[in-house]
Structure formats: C-alpha cells, structure tokens
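Now for the letters of each chain:
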Amino acid sequence: MDKPPHAVPAPDSSPYDGAGLPLPSTPLLDDGVFSPGRIKLEREQAYFNDLYLLAPVAYFVLGLDGVIVQLNLVAAELFGLARGRPGHVLFRSYVHEAFRHDYDQFVQRVLNSSEPERIQLQVRPHPGTQEAGLPVSLLGSADPNGQALRLVLEQAEGKLAALERSEERFRRIVHSAEEGIWEIDAQALTSFVNPKMAHMLGCQIEDMLGQPLAAFMDDEGRAILERNIARRQDGIAERHEFKFVRRDGSALWATLATNPIFDAGGSYLGALALVGDITAQREASGRIWQQANFDQVTGLPNRHMFLDRLHNETRRAKREGTCLALLFIDLDNFKQVNDSLGHEKGDTLLRQAARRISERVRATDTVARLGGDEFTVILAGVGQLAGIERVVQDLVTALAMPFALDDDSAQVSASVGVALYPADAEAAEILLRHADQAMYAAKNAGRNGYRYFTPALQQAAELRRNTVREMRLALAQEQFEVHYQPIVSLHDGAIARAEALLRWRHPLRGLLAPAEFIAFAEANGLITDIGDWVFRQAVRQAQQWQVAYGSGFQISINKSPVEFRGDAALYQGWPDHLRREGLPPGAIVIETTEGVLLDEARQVGERLRQFRAMGLALALDDFGSGQTSLACLQKFDIDFLKIDRSLVGALGQGDAGLALCEAIIALAQRLGLKVVAEGVETAQQRDLLRAAGCDYAQGFLFAGALPAPQMERLLSAQPAA
Ligand code: C2E
Ligand code: CA
Ligand code: CA
C-alpha cells in the first residue's frame, strides 16, 4: 500500500518521546519466561501502564471496532474524556472530516503490518464543532495478538499544551518513581537511571552511567542476560525475575520489564527497563513455600510434598515399567519419650531418626515425615525384593539403636509397613493406605520389625528370615558342602579342572542347591563369610588334587557381584592362606558374571585387579546371557570365558545357535581367552563345540556336581597325564 503523501519521517527523538518507544501490548503483556501467576502479571502491566499513563504523548488503545478502550492522561485531557470510562467513543470521530479517508487507510495498513505506521493528519478535540483542526502525527501499531490497535499521538509541530504540562509531570515521576528506571544503549551500557534505581543497587547515579548492565549481575544473571539480548533485539518485550548484585554484594531480586527501543529506521537503540524490587516478597514466598512443603522439625518433605512426589513416582514407574516400594515407618514408644523427656528432646529424637533414615537410602529416594512419629520412604526403581528387604532391615536396626539427647538417652524402635507398586496398588493413595495397614500389622506382630502388605510376600519374607537365621547356624555347624563338577578338555577328554558348587545339607529340607539360599545370603551380607569358607575349601582341595593329579589342576569358585562390592580388607588374608597351604595362586579361578564388569562402582574394578594381583585366574561366567561389551574382556584381563548354557542348549536346533557359539569362540580366542562351554548335555553338542574350536566343556553329559570323594574317583580313573 502506498505511503500517504504527507507522511514525514519521525523527528529525531529522545528515547522518552513516544515516537521511538515501542508500545506495550494490551491488555496484558505476553507472558514471559516466568509466569508466577496472574496477579504478578497485572502488577507488572501496571508498571508499564504507569509509564505510558504519564508519558508526554497522547496514548490510545482501540478495539478492532475503533472504539477507545484505554487512554493515558494526556489523551484524556486532550479529548476531554474520563480515563476510567471513556464511554463508547470512536477515535475516528475526532479525526477531521477531510482526513477520515486517509485515516481509514492508515488503520488498514496498521492492521496488516507488523511494523508501526505513521500518518500526519488533523484532529478536532471537540467533534461536531467547527474549530480548526490540530495538525498531529499518529504512530500506530497492531497489538501482537491482533486484538487491538495502539496509537501514539503527537503534535506535528510545537507541543500540545497538555503535552507540555505532562512532560513536566513525567520528569517529576521519573525522579520520584517507586520503581527503578534503567535505560541502556545498544552496547548494553547504562545511559540513564533514575534515583530510585541507583538507590536500589546502593550506588550513586554517576557510578552507574556508562557501566554495562552485566556489571551489576553475577555469572548466573549474566548468562540469562546474554540469552535475552538476542531476543530483545528482535523487538520482544519481556519481563523477568532477575538477580542483581548490590554494591555491598547482597542480592537484589527484581522484576525487570524491558522494552527495546528502536529509531524511526528500525535500528536498535537500546532498551528501557522498569525495575521493581521484589527481594522481600521473594524471601517471604521462599519461606512460605518452605513451610508449605517441608516439615519444620526435621526439614524433610511434609505430607503435602510427599503425596506430590508419590504421585510423580508412580506415574514415572508406570511410564518406565519399573517398580517402587513404599515404606511406612512408625516409631514405637515415641510418645513415652516425648512425655517423659519433653517436646524439645522429642524433636531432637525425630531429627536424628530422620537422619538415620535418610542415610540408609539413596539420595534419589524420598524420605518424608507425615507428622508425629510417622515417616515414609519411597524407594524408586527397585528390582529385587532382596534389595528392599536389605534397606528395611537396615532401617529397623538403625532406629532401634539408642538416641543421644543431650544428657539423656532414649530408645525407641520402628514398625515398618511395606507396599509395592504396582503389585499391591497402582493409585498413590491406596498404596499409602496399604503401607499403613502393613505397618499396623508389624505393630501387632510385636513391633520392632516390618511387614509386607501382601500375605504371600509376608510368608516369603518369613521364609527368608528363617533361612537367614538358619544359615548363620549352618556355617557354624558345617552344614555347607562344596561339590565339584568336572570341566573336561575337548581336545583329549581329560578332566582338566573342576568348578566348586555350593550345597547346603539342611537338617530338615535336605540337600539345597544355591538357588534356594544364595540370594538371601547376598541380601544379608552372609555371602562374604560363605564365600571365604568356599575359598578355603577349594584351596585345600586343589592342593590335594594337584599333588595327586598334576600341578596343572585348577578349581574355580563362584563370586556373586555383591561380593565384589565389599571392601578390600575381606580378601587380604587370601595370599597368606595360599602360601600356608602351599598352593600356587593360579590354581584358583574366580568365576564371576558379566554384571560385575558392567558395574560402574569403583570397588568392582579394584576387586578384580586385587584378585589378579594375587595371581588368581579369572573366568567370565554365563557369557551370552546378558550384554557384556567385549571391550570389558580386554580391560579386565580375563582368562576364561564360559558360554552360558542357554546358548549351548540352542546348539543342534538350527544354524543360528551354532553360528553364535562359533562367533563367540573365535572372538574369545582372538583375545587370548580359553573358552568353556557350560551345560553340555548331549554328544551332539559336544561334537559341534569341539568342531568349532571350543577348549573345554562342562555338563551333565560328563557329570553333574559331585561330592569330593566321587569327583576323586573320576579323577583317579583317568589315565595319568
Ligand atoms: P553357575 O556358576 O552357572 O554354575 C553352573 C550351574 O549349572 C550349576 O548349578 C550346575 O549344577 C548346573 N549345571 C551343570 N551342568 C549342567 C547341565 O548340563 N545342564 C544343566 N541344566 N545345568 C547344569 P548349581 O550348582 O545349582 O549352581 C547355581 C548357581 O549358583 C551357579 O551357577 C553359581 O552362580 C551359584 N553358585 C554356586 N556355588 C556358589 C558359591 O560358592 N558362591 C556363589 N557366590 N555362588 C555360587
Ligand atoms: Ca560358575
Ligand atoms: Ca555359569
């Protein structure tokens, strides 16, 4: 569309005259990065409006129908309108008849353009009279959301009387404003501040002029600023909560409403910001938030926050298909302590209890205090019951220890209820209720213990508890036995080694395989004692068999991943023991599973190196059942690779199984590892493996796990090497 012939460029303007100042959008500013609620938005809108309200130009906001919906003081004075209720008045009715056609076209241009448009025309402040038209310049722009039209009206030459008065007023306001006013130039250097702004920062105005904005911020603030400068130059008006640094180093939290300033040609001149001090509110709202979500005594999340987290955690578990455990902990006899020693000591006890609980779960688990002596714990992403049980047991033990309360000491215990998501309930509230019920069951069962919500889990837990108790006895009463399974060389069929496999001769349940007890021993830590015992058995046995059947004879022992996490001291006695028994360390092979190599924990790697340093050999068990990266094999200097029986079982059932075994064998040998095939049950499997170049085999085809005397018989039946 053509420019109207009488359009003139905007006068070279000071940043404060309306021509250069972009207009605030209406009725509310676009919501910026922060949206702390409508009230705040409106308050900030008010800051902006104040500036426009007092600006030395006439400022109007029109609806799309051309009706005046907002106007500033100068505009109201100019047209004799009431600012609060301008009435149903069309701006067009003030336009001189001779200019109405131009005005209509101007409005169309404004609405169709994203850029401000300017027009020169005449207005009649008193419509319907024959008074002479007043030549003015109109700057129009469309509201970004297309719902309104904003107009700035200035006298084309000279000043309106109303404008002159208001300019004076504007100056006064800027100097006495409650808000800070801060203007920067295109290089982000301060070009103007009002006294309030300087005061807020504890500076003198002169100290601030010419200083970069960034000089009044910390690194965090500077980073945000950097990000925003680009957007500001795009002409986006923004509001932020910003942290400035006062001259004395303290923080000034402020709302910052910035508007970019452009010259008539559209180049960026800088920005004008209205700065409101919200340090006090922010501190107060921080306190309020703290009070609304955290328990004042222990500092733990309160019921409100806890329920929030529980909802989130159940949602996440659902999304990720994981499980979680909810523990409901109630202290036994807390009331007595509180009544007899007083509330202050009661609070101290609660704080200590909170600490004991928090120290026994991962940082990512939620510990909360629901009130009184009730605590909850959300254990997220739990895989095995054994893991949960370890935590719960640990908590019960920890809470039963005496509490030191200044010069007093008190003892309480804890009853814990356990409910599992999703097994026991999917909804957060029901899960909580179930955990609560389970806690009551624990109380009824005599306190100082825990209960599962589900009866079957409860029974399983009892079996586990019994098993663990019996296992301690078993170790003392020598109910454990080590059986041996021969490992056969595929080259000549000779028994080259044996694997030590643990058995428990249970007085009532008969001979138990590891599957029935190892996991419990892992959960309660007894596995380390058992592992140590197995090692000593194997050393003695290996020593005897080396003497009888040759110095190449080796025995491998199994180590669970849990045993790798323990500390180095546990194995310090091993080298001495080997020396005393006169056995070269290489006679013992440590078998462990892939999981160990993938474990990120530092001790695991250290433990492997420790075993290596003792001179023990290493075997990677169950290869092919998980996902070991082959890089690990090299990194940890493994001697043997044991192909998992699931792969061996697939041999002879199509080509894929064979191809996989062949590939593993070839690869392992390239890395200098010997390969043992596990679970070899048929002659066909043996032949295929031998053809593929596999070194050793182990399985029922040769023999299962045998008591030492039977193993001995097999060995002695072999032709001497
Ligand atoms: P593993 O290390 O993979 O041991 C091989 C298991 O496969 C043994 O089961 C063995 O009896 C069984 N097996 C051997 N040949 C065949 C076969 O041809 N077919 C089939 N189907 N199975 C065969 P076992 O003795 O029940 O041991 C189970 C697991 O318990 C072992 O798996 C090992 O991970 C663990 N384990 C055994 N003893 C100990 C120990 O002293 N300490 C630790 N931490 N774990 C042990
Ligand atoms: Ca093994
Ligand atoms: Ca195995």
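Whatever comes next refers back to the structure up there.
Description of the structure in this document. (Residues numbered from 1 in each chain as written. Chains lettered and ligands numbered in written order. Predicted model: local features only at pLDDT ≥ 70, side-chain atom pairs only at ≥ 80, totals over all residues. Heavy atoms only, no water.)

**With respect to the coordination of the calcium ion (ligand 2)**
No. 1: For the calcium ion (ligand 2), every protein donor is listed as Glu499 (OE), Asn558 (OD1), Glu591 (OE) and Asp621 (OD), and the spread of their distances is 2.1 to 2.3 Å.
No. 2: Coordination of the calcium ion (ligand 2) draws on donor residues from a single chain, spaced E-x58-N-x32-E-x29-D in sequence.
No. 3: Look at Asp621 and you get buried, because its relative accessible area is 6%. (Donors = N, O, S within 2.8 Å, 3.2 Å for Na, K, Ca; no water. Buried < 20%, exposed > 50% of the residue type's maximum accessible area, 1.4 Å probe, protein only.)

**Here we look at the coordination of the calcium ion (ligand 3)**
Around a metal, the idealised angle for a tetrahedral arrangement of four donor atoms is 109.5 degrees; for an octahedral arrangement of six donor atoms it is 90 or 180 degrees.
No. 1: The calcium ion (ligand 3) binds to the protein through Asp621 (OD), Asp622 (OD), Glu678 (OE) and Glu678 (OE), with metal-donor distances spanning 2.1 to 2.5 Å.
No. 2: The sequence pattern formed by the donor residues of the calcium ion (ligand 3) is D-D-x55-E.
No. 3: The metal-metal distance between the calcium ion (ligand 3) and the calcium ion (ligand 2) is 4.1 Å, with Asp621 coordinating both.
No. 4: Of the residues examined, Asp622 reaches a relative accessible area of 24% and is grouped as partly exposed.

**Section: the packing of helix α9 (residues 303-320) against helix α13 (residues 428-444)**
No. 1: Two numbers describe how α9 lies on α13: the axes approach to 9 Å, and their chain directions differ by 115°. Relative to α13, α9 is oriented roughly perpendicular. In the packing of α9 onto α13, the handedness of the crossing is right-handed. Across the interface between the two elements, Arg303, Phe306, Leu307, Leu310, His311 and Thr314 of α9 pack against Ala428, Glu429, Leu431 and Leu432 of α13.
No. 2: Taken together, the residues of the contact of α9 with α13 sort by class into six nonpolar, two polar and two charged. (Axes fitted to C-alpha atoms, helices over the stretch in contact; angles between N-to-C directions. Helix = DSSP H or I, 4+ residues; strand = E, 2+ residues; numbered from the N terminus. Parallel < 35°, antiparallel > 145°, perpendicular 65-115°, else oblique. Left-handed = near helix turned anticlockwise from the far one by under 90°. Contact = heavy atoms within 4.5 Å. Nonpolar A, V, L, I, M, F, W, Y, C, P; charged D, E, K, R; others polar.)

**Things to note about unusual backbone geometry**
Trans peptide bonds make up most of the peptide bonds, and negative phi angles are found at most residues other than glycine.
No. 1: Residue Pro422 is reached from Tyr421 by a cis peptide bond, and omega for that bond is 0°.
No. 2: Turning to its location among the elements, Pro422 is positioned in the loop between β16 (413-421) and α13.
No. 3: With phi around 65°, Asn333 is a residue other than glycine that occupies positive phi space.
No. 4: The topology assignment puts Asn333 in the loop between β11 (324-332) and α10 (334-341).
No. 5: Exposure remark for Asn333: the relative accessible area of 33% places this residue in the partly exposed category.
No. 6: Its identity is not glycine, yet Glu478 carries a phi of approximately 55°, on the positive side.
No. 7: If you trace the backbone, Glu478 turns up in the loop between α14 (455-476) and β18 (480-489).
No. 8: Judged by relative accessible area, Glu478 falls into the exposed class, the value being 63%.

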